[in-house]
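Chain by chain, the residues:
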Amino acid sequence: MAITPYVPYVDSHPEATEGFRSGGWNRGLEVDFPSELLARVPEYQRKALMGVLENDPRPSYHHDPGRVYGFGFGKMEVKFVVNDKVLKVTDVII
């Protein structure tokens, strides 16, 4: 890999746009995390997990309110559904 100098007439593209991200990032969700399920999450991981959930971990092309989604977080699997702007955690499997 070579390090090259910045050459404004070649490297600057003021006409460039954000492309697929031009709409901004507005996927914030309200999270409904039942206390009995939250108790399964170690306290030191709760803030990070809530941050992931609030930012909508679904693929951006999925909007099925009946679908149960899931992902791995640490040693857990977190299951959830999304209806409108509310994400409801349905299970935390350790």
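Note that the coordinates shown come from a computational prediction; the quantities given were computed from them, not determined experimentally.

Some words on the overall build of the chain
Okay, so step 1: Secondary structure assignment for the chain yields 3 helices and 4 strands.
Okay, so step 2: At a minimum sequence separation of 6, the contacts of the chain that also span at least 24 residues come to 46%.
Okay, so step 3: Working note: accessible area of the chain is about 7000 Å², and carbon and sulfur atoms make up 55% of it.

Quick notes on the sheet that holds strand S3 (residues 76–83)
Okay, so step 1: If you trace the 4 strands from one edge of the open sheet to the other, you get S1-S4-S3-S2, paired in mixed fashion. Either end of the sheet is taken by a strand with one partner, and the two such strands are strand S1 (30–32) and strand S2 (69–73). Pairs of neighbouring strands in the sheet enclose a mean axial angle of 30°, with direction left out of account.
Okay, so step 2: Sheet topology note: the S1/strand S4 (residues 86–93) ladder contains 3 bridges and is parallel. Following the sheet pairing, Asp 32 is matched in S4 by Lys 88.
Okay, so step 3: The strands touched by helix H3 (residues 43–54) within the sheet are S1, S2, S3 and S4, with S2 carrying the most contacts at an inclination of about 145°.

A few points about the pattern of salt bridges
Pairing between side chains of opposite charge can happen when the charged atoms of each approach one another.
Okay, so step 1: Evaluated as defined, the whole model comprises 4 salt bridges.
Okay, so step 2: For the salt bridge of Asp 32 with Lys 88, the shortest nitrogen-to-oxygen distance reads 3.5 Å. In this pair, Asp 32 sits in strand S1 while Lys 88 sits in strand S4, placing the two residues 56 residues apart along the sequence.
Okay, so step 3: The salt bridge partner of Lys 79 is Glu 77, with a shortest N-O separation of 3.0 Å.

Rules used throughout
Residues numbered from 1 in each chain as written. Predicted model: local features only at pLDDT ≥ 70, side-chain atom pairs only at ≥ 80, totals over all residues. Heavy atoms only, no water. Helix = DSSP H or I, 4+ residues; strand = E, 2+ residues; numbered from the N terminus. Contact = heavy atoms within 4.5 Å. Areas by Shrake-Rupley, 256 points an atom, 1.4 Å probe, with all protein chains shown as cover. Pairing = 2+ DSSP bridges. Axes fitted to C-alpha atoms, helices over the stretch in contact; angles between N-to-C directions. Salt bridge = Lys/Arg side-chain N within 4 Å of Asp/Glu carboxyl O.

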